Number of protein chains: 2
Amino acid sequence: MGVIENTNLNSPTSTSQQTSSATSSPFLAACYGQAHERVPVWFMRQAGRSLPEYRMMRGTDSILTAIADADLATEITLQPVRRYGVDAAILFSDIMVPVYAVGFGVDIQAGVGPVIAQPFSDASDLERLRPLEPEEDIAYVLEAVKNLQAELVVPLIGFAGAPFTVASYLIEGGPTKTFQKTKSLMFANPELWTALMDRLCDITETFLKAQVEAGASALQLFDSWAGTLSPAAYEQLVFPYTKRIIASTDNLGVPRICHGVGTGELLALFAQTGAEVVGVDWRVRLDEARLRTGGKVSLQGNLDPAVCLAPWPVVAEQTRKVLAENGSNPGYIFNLGHGVLPPTDPAILKQIVDLVHAEGHCDAN
Amino acid sequence: MGVIENTNLNSPTSTSQQTSSATSSPFLAACYGQAHERVPVWFMRQAGRSLPEYRMMRGTDSILTAIADADLATEITLQPVRRYGVDAAILFSDIMVPVYAVGFGVDIQAGVGPVIAQPFSDASDLERLRPLEPEEDIAYVLEAVKNLQAELVVPLIGFAGAPFTVASYLIEGGPTKTFQKTKSLMFANPELWTALMDRLCDITETFLKAQVEAGASALQLFDSWAGTLSPAAYEQLVFPYTKRIIASTDNLGVPRICHGVGTGELLALFAQTGAEVVGVDWRVRLDEARLRTGGKVSLQGNLDPAVCLAPWPVVAEQTRKVLAENGSNPGYIFNLGHGVLPPTDPAILKQIVDLVHAEGHCDAN
């Protein structure tokens, strides 16, 4: 591949993959609630966004163009691992990649988000969501994962958007505050909703499996906007598909993380998807989240990303508060409650990593 | 005043105000948890938005221009009472009116929301939030309230935005998904935040008191976006100001409602503001909300506004589910969990009112 150049930052690159095994990775051990030496930490959206070395490489092309360049995606994925010393890498990609790859007509506009030329509106749109053919449709993703598996000394997290969240973009045509078209379709036309969910499950399952087969060591399913639903609507119309997707990855031998924002009322159901880890945003304290998930899954979170825009003493206090609310439960991964905000100072994220590693406690179960 | 013309819809107008007293108003009785004959119902944003008779009258001027026309605001406030037979009217106005009225430089753009020409950024901006002088700054609001007091047979709800929510617009310069500038200011500069909250409390308290003195029978404080905060941040940096505002209205003799969306984790604190009623959005079941608020306040909510875009059988089922989750607690007002969505069919809202009146139960305490 040849594009991974050394920088003057500490390099995490290595030719050995041995070190990413569950026994030596605090991240993987925490996913399974096993004893390990330090509280692991990584950041959603750590790859890209706020990093100057990312902005320098990225240029002004669409993010989908950058993702389709496997060497560039590899480098962007590695940048935060080098700079921060995080315990996991997450592939530089986007939840819209699989539906883009099957030709649904997706663009991702800077400052806006996903924009759909022809939104999903009726049964005739189902055929625009044909099955994903990994080798043909997303060869660049698989190449990036293979590159990374050879380079990284920390586990690589592959990911996908969960069907509700992806569907919301397809139906609304872009980001929404009300989700009114999505909910209208769900409530008014459950048959079409089911057919749409089935198509998206097929695509998502294929996409996740392909990432693990290429070398991903963990998977995160982003149901970012599920928290906009009532618990009853989530349970009836969304939860079965999330559960189906998790079940499809049962035999892949990697831990699964389910995450969304504003999902305080859904945490008990998230814990029943079969995932080993449930993401928690800053609206629910970790100790409360532990109660709601029944103590049977690991937790990931939950610093408010906006806190990272404050001066270090404030960030340090809030980081310590999050650690304290976990206590010393080994089933815990430090993270933000949502993605890194673009204006975040990378130096603050580095300080958080160092603080979590120095002060976090994780007892054996 | 002379603009209130009869229509062929059932008219709620009357020259008598006697019927809006607590003893005969199901809405006021429910606010206080007192026995009454039927479950009261009204809809946030019932005035305006989805009503064709509203769209016909409104024209294309800024909504702030429509609000500043007392006769027009009176008529728009009455329209949903006539059409739906709701148990309360809410003044046609906007949470940005008081800061607009003191000259902060606010516009409300169709399809966008509040837009601030020069956002709040430092201590020099505090003087742009001078005290509100009701007779000079918002004479049109007081005139509309007086008109309505003479016309309505149901209670009129006056309202204001809570300081956090109003501040978020002033600081961000418009609607936001991340609240990152607002939170940055809160966390990084608590002194300036306190000074800003104090100014907004002064304005809000004057505004609410003026509405009651002009004839409003209840007050709602919209802390619409408080749910974006962690419980700890809300408790420390927002709750004291909400409590202060509610306390300032203690001697006005009207019930107070506190409402926000996504506030599941804040309900216990909302119940400690001193308000008689706490609003609940669709993310938390009413029976769970009753537990979180300790059973000491009345509740208002909590149908998902997006459900109202579905066919009637779906809406009816969901409406019955909400009623069932209340049981027959007399401290309950049926409402949506947030404002009526613009594409809502008014016929559906009318059917909801009729169903709630026909099937809702409210036992004496």
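In the block above lies the structure referred to throughout.
Basis of the calculations
- Residues numbered from 1 in each chain as written.
- Chains lettered and ligands numbered in written order.
- Predicted model: local features only at pLDDT ≥ 70, side-chain atom pairs only at ≥ 80, totals over all residues.
- Heavy atoms only, no water.
- Helix = DSSP H or I, 4+ residues; strand = E, 2+ residues; numbered from the N terminus.
- Rg over C-alpha atoms; globule rule 2.2 N^0.38 Å.
- Buried < 20%, exposed > 50% of the residue type's maximum accessible area, 1.4 Å probe, protein only.
- Contact = heavy atoms within 4.5 Å.
- Buried area = accessible area lost by both parts, 1.4 Å probe.
- Salt bridge = Lys/Arg side-chain N within 4 Å of Asp/Glu carboxyl O.
- Polar contact = N/O pair within 3.5 Å; in protein donor to acceptor, adjacent residues only side chain to side chain.
- Nonpolar A, V, L, I, M, F, W, Y, C, P; charged D, E, K, R; others polar.
- Pairing = 2+ DSSP bridges.
- Axes fitted to C-alpha atoms, helices over the stretch in contact; angles between N-to-C directions.

## Observations regarding the overall build of chain A
(1) Moving on: From N to C terminus, chain A includes 16 helices and nine strands.
(2) Moving on: Here the C-alpha radius of gyration of chain A, 19 Å, is about what a compact globule of 365 residues would show, namely 21 Å.
(3) Moving on: Taken over the C-alpha atoms alone, chain A extends approximately 55 × 50 × 40 Å along its principal axes.
(4) Moving on: Residues classed as buried in chain A amount to 63% of the 365 residues present.
(5) Moving on: Within chain A, residue pairs in contact and separated by at least 24 positions form 74% of the contacts whose partners lie at least 6 positions apart.

## Re the interface of chain A and chain B
(1) Moving on: Taken together, the 31 residues of chain A in the interface contact 31 residues of chain B.
(2) Moving on: Carbon and sulfur atoms make up 58% of the surface buried where chain A meets chain B, a total of about 2,500 Å² over both sides.
(3) Moving on: Its largest share of buried area at the contact with chain B, chain A owes to Phe187(A), Glu265(A) and Arg283(A), together 23% of the area lost on that side.
(4) Moving on: Seen at the junction of chain A and chain B, the total is four salt bridges.
(5) Moving on: One salt bridge connects Glu265(A) with Arg292(B), and the closest N-O pair in it is separated by 2.8 Å.
(6) Moving on: Inspection of the region where chain A meets chain B yields eight residue pairs in polar contact (both at pLDDT 80 or more).
(7) Moving on: Listing elements by their share of the side of chain A that touches chain B, those giving two or more residues are α9 (180-188), α11 (231-237) and α15 (312-326) of chain A.
(8) Moving on: If one sorts the elements of the side of chain A that touches chain B by residue count, α9(A) sits on top with five residues.
(9) Moving on: Across the side of chain A that touches chain B, the residue classes break down as 16 nonpolar, eight polar and seven charged.

## Observations regarding the sheet that holds strand β4 (residues 156-161) of chain A
Residue and element names in this part refer to chain A.
(1) Moving on: Across the sheet, seven strands lie side by side as β1-β4-β5-β6-β7-β8-β9; this open sheet has parallel pairing. This sheet does not close on itself; its edge strands, each paired only once, are β1 (89-90) and β9 (332-336).
(2) Moving on: Sheet analysis places strand β8 (residues 298-303) next to β9, joined by five bridges and oriented parallel. The residue of β9 that forms the bridge with Asn302 is Asn335.
(3) Moving on: Those strands touched by α15 are β8 and β9, and its axis lies near 150° from that of β9.

## Observations regarding the side chain of Thr77(A)
Residues and elements named next belong to chain A.
(1) Moving on: By secondary structure assignment, the location of Thr77 is in helix α4 (residues 70-84).
(2) Moving on: Its relative accessible area of 0% is what places Thr77 among the buried residues.
(3) Moving on: Within polar-contact distance, the side chain of Thr77 engages the backbone nitrogen of Phe92 at 2.9 Å.
(4) Moving on: Those residues in contact with Thr77 that sit more than four places away from it in its chain are Ala47, Ala89, Ile90, Leu91, Phe92, Leu148 and Leu156.

## Quick look at the pattern of salt bridges
(1) Moving on: Under the defined criterion, the tally for this structure stands at 42 salt bridges over all chains.
(2) Moving on: A salt bridge links Arg292(A) to Glu288(A); the nearest nitrogen and oxygen atoms lie 2.7 Å apart. Of the two residues, Arg292(A) and Glu288(A) are both situated in helix α14 (residues 286-292); the distance of four residues between them amounts to about one turn of the helix.
(3) Moving on: On the basis of relative accessible area, Arg292(A) is assigned to the buried category, the value being 18%.
(4) Moving on: Residue classification places Glu288(A) among the partly exposed residues on the basis of a relative accessible area of 28%.
(5) Moving on: Close ionic contact of Glu325(B) with Lys321(B) constitutes a salt bridge, the shortest N to O distance being 2.7 Å. With a gap of four residues between them, Glu325(B) and Lys321(B) both fall in helix α15 (residues 312-326), about one helical turn apart.
(6) Moving on: Taking the relative accessible area as the measure of exposure, Glu325(B) reaches 10% and is therefore buried.
(7) Moving on: Within this structure, Glu265(A), Glu288(A), Arg292(A), Glu265(B), Glu288(B) and Arg292(B) form a network of salt bridges that share partners.

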